[in-house]
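# Survey of secondary and tertiary structure
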Amino acid sequence: MNKNRLRSALALAGFFLVVSVPAGAYIGPGAGFAFLSSFLVFFLTFLLAIFSFLSWPIRVLFRVFKGGNPYKKSRIDRAVIIGLDGLEPTLVERYMEEGMLPNFSALRKEGGYARLQTTTPAISPVAWSSFMTGSHPAKHNIFDFLSRDPKTYLPDLSSARIGRPRRSLSLGKYRIPLSKPVIQGLRKSVPFWKLLGDKGIFSTILRVPITFPPEPFRGHLLSGMCAPDLKGSQGTFFFYTSDPEKIQKWEGGIAIPVEVKDGAVVTFLSGPENSLLKKPEETKLPMTVRLASDRASATVEVGGRKILLRPGTFSPWVRVTFKPGLGMNIRAVCKFLLLRTDPHFEMYVTPLNIDPEKPALPISHPAIYSVYLSKLLGPFITLGEANDTWALNEGVLDEQAFLDLTYANHAEWEAMLANAMKKTKRGLVVCVFETTDSILHMFLRYLEKDHPSRLIAPTKMSEDVLKDLFKRMDDMIGRLRASIGPRSLFLIMSDHGFKSFRRGVNLNTWLHQNGYLVLQDGKSSSGEWFRDVDWTRTKAYALGLGGLYINQQGRESRGTVEPGEETRRLKHELSRRLTGLRDEEKNETAVTRIYDRDELPAGPYKENCPDLIIGYNIGYRVSWDSVTGKVGDPVFEDNVKAWSGDHCIDPVHVPGVLFSNRPLNTRTPAIIDIAPSVLDLFGLPIPDHMDGRPLLAAAGEKPSSEPGSSPFQKTRKKKKKNEKTRIH
């Protein structure tokens, strides 16, 4: 296990510090690419795609003679769902009232608008998994960005794992894979587009989170959040500098020291781990940067290409090829940004994105779909966590460079969506935009003059950044509305909202100070990932963005708390003491509610849920150190990072938004209701495993403020008499 694998887990959320991890721990994706087997998988899929295309007329005739008409009971021809990740309802409502968002306002008037209940916890992979499956987290198995290994107390990615091939052939210094790599998605249950496809209704799904690895269904899909970069991480940027004072540990990135000699910098691109070798090592691609005589520009020479760079302007996507050996080529795409040439040379390089034209890992379904998009639109970003929030957090990118890169990514996604709208005249189109989430995370501080991050560093921008974001989204909605026909459903939604993140709470420090987490003798603080914790005397620990676990006998490898009554008593005690936890320095309440997993909706994967989920108050969130298992002092500290907005708090504080071009039948919609709503409009039955209900009113039906008042929900209540209270 190398250190970059931990980065893959932490950078996935964009929330976590990038740190080293002891050998033997597993964080994935990041176990290295089995390049040969990946090529074989891609090649076979390509042949299948050709066969599918050639057999299309036969399949159409078969359906005609079979008498199947998937739209026979459908009330719509097409459903278009646009996800604006993290769009905050209070800002939408305020800007609509100020007349800034005419298209959002028109959509509200045409159909309906409501705040959308999110999941518990209110974390993106959890919420989007509930969106696609129509079910509570205990049925889809995603509870956070991170899960924990009870054997080691170390973190795993909750969404996917990549492992080495099970069979290989030893040949000299090489280990040749004879089977495909283990690529395992950990999200369970069935996306509603799979149910549509089973009935013959086609879908195009673009960048919905937690869709890596892509699952087969009748349609096209491009993976979103969780798709790794070429290094197997969730986003590792590169910072080249000749300034020795900046050669340090950069969170989310790698600093590479360079020297300027005779007007040139001779260095390398850091590639993926070469897993073909018996002793894997980093692949490197030679690179030279030649400075112009006036130092007003530079030329990058890499992989036989020359790219002219000017300070402050990103290069286009550049294709680079790594050669692990045995004649194999591994393709990536990246962008370069010359930051400065004097007095020191500094250059930023984006994470190495999997080349969509020749993907080293499956990022689309069918595999040929990413190739098609690349041929049609040119290279594009494939990394799940696309916008480099850590480079802005660390000051490697300034605010304008971050915005330039973010909106360039957004333009690529809009182009993909335009193609999908054109090609999918009937069926389902879903596209999720990360733009809103990224900018709200990094610029929400401009709504507060006294935000701690603004007191530490000078601010160059204003709330206009947020206003511009919402106006851009409104313009996009206007363009889309113009293409929506009368028999189409048009939904705009967000998975959660946003609130200020001013103060961090080190939950592990609180547990230590109150006797629930014990350190080894002589230790007053713990290193990352509970390095100095004495598990034989520890009763509870915190991991991830909202989870608290009991160190339970028979479950954790060194558990101390008996299951059953002793665990219940301890959970009750912790809930009582943490609810209403006070930040005495600020005279504010930091925690508003504790959610006991035994009181949340049931499901087959409930045992994987944290024992307690912490509902932080507005202004608070788990601290950066607590996420990484550090124990220290104090419990509360200011958040001074640009990452100033967040949603990993009590879900009641951060609902999302829902706009519809058709009236809603309730004033209290929930994210689990979207999937059954679409199935219902297409005339399909709602499967029993779904917890949601159709939201869209029939002709003449008026909205209800009470959940469960629709005829459909009343029927569902009879079928589920023993189901617990609906909690989001």
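Read on for an overview of the structure.

Definitions and limits used
- Residues numbered from 1 in each chain as written.
- Predicted model: local features only at pLDDT ≥ 70, side-chain atom pairs only at ≥ 80, totals over all residues.
- Heavy atoms only, no water.
- Patch = residues over 30% accessible without salt bridge, like charges linked within 9 Å, V, L, I, M, F, W, Y side chains within 5 Å.
- Areas by Shrake-Rupley, 256 points an atom, 1.4 Å probe, with all protein chains shown as cover.
- Salt bridge = Lys/Arg side-chain N within 4 Å of Asp/Glu carboxyl O.
- Helix = DSSP H or I, 4+ residues; strand = E, 2+ residues; numbered from the N terminus.
- Buried < 20%, exposed > 50% of the residue type's maximum accessible area, 1.4 Å probe, protein only.
- Pairing = 2+ DSSP bridges.
- Polar contact = N/O pair within 3.5 Å; in protein donor to acceptor, adjacent residues only side chain to side chain.
- Contact = heavy atoms within 4.5 Å.
- Axes fitted to C-alpha atoms, helices over the stretch in contact; angles between N-to-C directions.
- Parallel < 35°, antiparallel > 145°, perpendicular 65-115°, else oblique.
- Nonpolar A, V, L, I, M, F, W, Y, C, P; charged D, E, K, R; others polar.
- Core = buried A, V, L, I, M, F, W, Y, C linked by side-chain atoms within 4.5 Å.
- Phe/Tyr/Trp six-rings, centres within 6.5 Å; stacked < 30°, edge-to-face > 60°.
- Lys NZ or Arg CZ within 6 Å of the ring centre and 35° of its normal.

### Looking at a nonpolar patch on the surface
There is a patch of nonpolar side chains on the surface, built from Tyr372, Leu376 and Leu377 and spanning about 250 Å² of accessible area. Of note, tyrosine 372 is situated in helix H9 (residues 368–377). The class of tyrosine 372 is partly exposed, set by a relative accessible area of 32%.

### What to know about the sheet that holds strand S17 (residues 318–325)
Strand-to-strand pairing in sheets goes through backbone hydrogen bonds, with the strands running parallel or antiparallel. The three strands are arranged S17-S18-S21 in an open sheet whose pairing can be described as antiparallel. One side of each edge strand has no neighbouring strand; the edge strands of this open sheet are S17 and strand S21 (353–354). Bridging between strand S18 (residues 328–334) and S21 involves two bridges; their strand directions are antiparallel. Within S21, the residue paired with valine 333 across the bridge is asparagine 353.

### Quick word on the side chain of histidine 140
Position of histidine 140 relative to the elements: it lies in helix H7 (residues 137–140). Residue classification places histidine 140 among the buried positions, given a relative accessible area of 0%. In terms of polar contacts, histidine 140 uses its side chain to reach the backbone carbonyl oxygen of valine 126, at 3.5 Å. Every residue in contact with histidine 140, bar those within four places of it in the chain, is listed here: Val126, Ser129, Ser130, Thr133, Ser135, Leu186, Arg187, Lys188, Ser189 and Tyr605.

### Considerations on the pairing of strand S27 (residues 547–550)
Of the two faces of S27, both are covered, the one formed by Gly547 and Tyr549 as well as the one formed by Leu548 and Ile550. Where strand S26 (residues 540–543) folds back on S27, the antiparallel hairpin that results is connected by three residues, among which glycine 544 adopts a positive phi of roughly 90 degrees.

### Details of the environment of valine 640
In this fold, valine 640 is placed in the loop between strand S33 (636–638) and strand S34 (645–646). Taking C-alpha positions, valine 640 is 9.8 Å from glycine 504, a pair spaced 136 residues apart along the chain. Dropping the residues within four chain positions of it, valine 640 is found in contact with Pro452, Ser453 and Ile456.

### Considering the packing of helix H5 (residues 102–110) against helix H14 (residues 464–481)
Two packed helices can be described by the angle between their axes and the distance between those axes. Relative to each other, H5 and H14 sit at 50 degrees, their axes nearing to 7 Å. Judged on the interaxial angle alone, H14 and H5 are oblique. Residues Pro102, Asn103, Phe104, Ala106, Leu107 and Glu110 of H5 form the contact with H14, whose participating residues are Phe470, Met473, Asp474, Asp475, Ile477, Gly478 and Arg481. In the contact of H5 with H14, the residues fall into seven nonpolar, two polar and four charged.

### Points about the nonpolar core
Ranked by internal contacts, the top residues of the largest apolar core, which has 87 residues, are Tyr240, Leu269, Val320, Phe336, Met347, Leu548 and Leu574. Not counting residues within four places of it along the chain, the set of residues in contact with tyrosine 240 comprises Ile256, Val258, Thr267, Phe268, Leu269, Ser270, Met287, Phe345, Glu346, Met347 and Val349.

### Details of H5
Regarding H5, the residues found buried are Asn103, Phe104, Ser105 and Leu107. Looking at the buried side of H5, the elements it contacts are strand S1 (78–84), helix H4 (89–97), strand S2 (112–116), H14, strand S24 (488–493) and strand S35 (656–660).

### Description of the pattern of salt bridges
Any two side chains of opposite charge can pair, on the condition that their charged atoms come close. Across all of its chains, the model carries 45 salt bridges by this definition. Taking the shortest distance from any N to any O, the salt bridge between aspartate 198 and lysine 194 comes out at 3.2 Å. Of this pair, aspartate 198 and lysine 194 both sit in helix H8 (residues 192–198), four residues apart, which is roughly one turn of the helix. Salt bridges sharing common partners tie together Arg148, Arg555, Glu556, Arg597, Glu607 and Asp611.

### Focus: the sheet that holds S35
If you trace the eight strands from one edge of the open sheet to the other, you get S2-S35-S24-S1-S23-S9-S10-S22, paired in mixed fashion. In the strand order of this sheet, the two ends are held by S2 and strand S22 (364–365), each with one partner. Bridge count for strand S9 (residues 203–206) against strand S10 (residues 219–222) is four bridges, and the pairing is parallel. Within the sheet, the bridge partner assigned to serine 203 lies in S10 and is glycine 219. The strands that helix H18 (residues 674–681) touches are S1, strand S23 (427–433), S24 and S35; relative to S24, the one it contacts most, it runs at about 175 degrees.

### Description of helix H6 (residues 124–133)
By the criterion of burial, H6 is predominantly enclosed, with 10 of the 10 residues buried. Phi turns positive, to about 65 degrees, at glycine 134, one or two residues after H6.

### Here's the deal with the packing of aromatic side chains
Aromatic ring pairs are defined here through the distance separating the ring centres and the angle between the ring planes. Within this structure, the stated rule accounts for 24 aromatic pairs. Ring geometry for phenylalanine 443 versus tyrosine 446: centroids 6.2 Å apart, planes at 20 degrees, classification stacked. Comparing phenylalanine 443 with tyrosine 446, the two get one shared label, buried. Grouped by ring-pair contacts, the aromatic residues Tyr153, Phe530, Trp535, Tyr541 and Tyr549 constitute a single cluster. The ring of phenylalanine 268 carries the charged tip of lysine 284 above its face, separated from the ring centre by 4.3 Å. Geometry around tyrosine 407 places arginine 472 over its ring, the cationic atom sitting 3.7 Å from the centre.

### Brief notes about unusual backbone geometry
Cis geometry is adopted by the peptide bond preceding proline 121, which originates at threonine 120 and carries an omega value of 5 degrees. Structurally, the position occupied by proline 121 is in the loop between S2 and H6. Positioned with a positive phi, aspartate 262 is a non-glycine residue whose angle comes to about 55 degrees. For aspartate 262, a relative accessible area of 85% gives the class exposed. Here arginine 295, not a glycine, exhibits a phi torsion of approximately 60 degrees, which is positive. Structurally, arginine 295 is set in the loop between strand S14 (281–291) and strand S15 (298–302).

Just distances and angles here, no functional claims.
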